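# Breakdown of the fold
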Amino acid sequence: MIKNIILGIKEYSGVFGLISKLKLWKYFFIPMIISLVTAILIGVEAYALSDNVGSFISKAWIWEWGKETFTSISNFIGGAIVLIIGLILYKHIVMGLSAPFMSPVSEKIEKHFYGDVSYKHRNTSNTEQLIRGLRLNIRNLIKELLISLPILLLKFIPIVNIFSTLLLFLVQAYYAGFGNIDYTLERHLKYKESIEFVSKNKGFAIGNGIVFMLFLLIPIVGIIIVLPLSVTAASTKTLKLIHGKTELVYEK
């Protein structure tokens, strides 16, 4: 899996040039607006809720001694919980709403590298792409929350919380990569087939998602350009897999 994670990361090299060469920036205009607006709304809400969550957690400490220290820790953990859940929501909202705009990007990339293979594609409308994108991201959102919430509880355990942070990051990366990959899979595979495809290529999804998550750490600029770069990288590698031109190691 580690090799596939590295390959997923390496696919980002040259994406700026490919986007410019194929004149793809125009397709990203609306998704970039969706990304920015969603990030602002979730950021404002997260800031407002962080103190409330911290205050709620601090009530678990019923003793007077150490109350102030525990309250400070609770506020920090509360902010972290709200931020992580906010990132999870951000990913799936943006990816779900951007589905109709990302499919043409993947098609342009496929035509550039493999010629006109539209006869192999599933015939879907923009509405069907949007419905599938929302369906997939709602499914992934629920699964990611079910996995992430127990991991968040580990943050209350010293030393262990260091590893829980890394684990949370990898979980978020996997589902981010999942969404980016499906923009290409949508026209090649049915819903359940796409889930099986990503499940067999977890390393690739995590590698793509790692860079996606790191871009989100860059204020404003990262939020704006994260989708164009990650979708282009994911599309290029996914097409290599579909067309049998890949160096990826099969994962069991």
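Rules of the game
Residues numbered from 1 in each chain as written. Predicted model: local features only at pLDDT ≥ 70, side-chain atom pairs only at ≥ 80, totals over all residues. Heavy atoms only, no water. Helix = DSSP H or I, 4+ residues; strand = E, 2+ residues; numbered from the N terminus. Buried < 20%, exposed > 50% of the residue type's maximum accessible area, 1.4 Å probe, protein only. Contact = heavy atoms within 4.5 Å. Areas by Shrake-Rupley, 256 points an atom, 1.4 Å probe, with all protein chains shown as cover. Patch = residues over 30% accessible without salt bridge, like charges linked within 9 Å, V, L, I, M, F, W, Y side chains within 5 Å. Salt bridge = Lys/Arg side-chain N within 4 Å of Asp/Glu carboxyl O. Core = buried A, V, L, I, M, F, W, Y, C linked by side-chain atoms within 4.5 Å. Phe/Tyr/Trp six-rings, centres within 6.5 Å; stacked < 30°, edge-to-face > 60°. Lys NZ or Arg CZ within 6 Å of the ring centre and 35° of its normal.

## Digging into the overall build of the protein
- Counting secondary structure elements, the protein contains nine helices and zero strands.
- Each helix (α) and strand (β) of the protein, taken in turn from the N terminus, gives the series α-α-α-α-α-α-α-α-α.
- Burial statistics for the protein: of 252 residues in total, 49% are counted as buried.
- Residue pairs in contact within the protein that sit at least 24 positions apart in sequence constitute 82% of those at least 6 positions apart.
- Carbon and sulfur atoms form 70% of the exposed surface of the protein, whose accessible area is close to 13,200 Å².

## Concerning a nonpolar patch on the surface
- Residues Leu89, Ile93, Leu97, Leu134, Ile138, Ile142 and Leu146 make up a contiguous nonpolar surface patch of about 590 Å² in total accessible area.
- Going through the elements one at a time, helix 4 (67-114) and helix 5 (126-153) are the ones with two or more residues in the nonpolar patch.
- When residues of the nonpolar patch are assigned to their parent elements, the largest contribution, four residues, is made by helix 5.
- Here Leu97 is to be found in helix 4.
- A relative accessible area of 38% places Leu97 in the partly exposed class.

## Remarks on the environment of Ile19
- In this structure, Ile19 sits in helix 2 (residues 15-21).
- Distance from Ile19 to Val105, taken between C-alpha atoms, is 9.1 Å for residues 86 residues apart in sequence.
- Setting aside its immediate chain neighbours within four residues, Ile19 contacts Leu24, Trp25, Phe28, Pro228, Leu229 and Thr232.

## Considering the nonpolar core
- The biggest cluster of nonpolar side chains holds 60 residues, and the ones touching the most others in it are Tyr90, Ile181, Val198 and Phe212.
- Put simply, the parts of the chain that give this core at least two residues each are helix 2, helix 3 (29-58), helix 4, helix 5, helix 6 (160-185), helix 7 (191-200), helix 8 (202-215) and helix 9 (221-242).
- No other element matches helix 4, which puts eleven residues into this core.
- Once you skip the residues sitting within four places of it in the chain, Phe212 turns out to touch Tyr12, Lys91, Met95, Ala176, Asn180, Val226, Leu227 and Ser230.

## Digging into unusual backbone geometry
- Of note, Lys23 is a non-glycine position whose phi angle comes to about 55 degrees, a positive value.
- Checked against the element boundaries, Lys23 lands in the loop between helix 2 and helix 3.
- The class for Lys23 is exposed, based on a relative accessible area of 62%.

## Overview of the packing of aromatic side chains
- In the structure shown here, the tally under the stated rule is six aromatic pairs.
- For the pair Trp25 and Phe28, a centre-to-centre distance of 6.2 Å together with 65 degrees between the ring planes defines the contact as edge-to-face.
- Considering the side-chain rings of Tyr175 and Phe178, the 6.5 Å spacing of their centres and the 5 degrees angle between planes classify their relative orientation as stacked. Residue Tyr175 and its partner Phe178 are located together in helix 6, separated by three residues, close to a single helical turn.
- What makes Tyr175 buried here is its relative accessible area of 5%.
- The structure contains a cluster of three or more aromatic residues connected by ring pairs, namely Phe16, Trp25 and Phe28.
- Taking the ring centre of Tyr191 as reference, the NZ or CZ of Arg135 above it sits at 3.6 Å.

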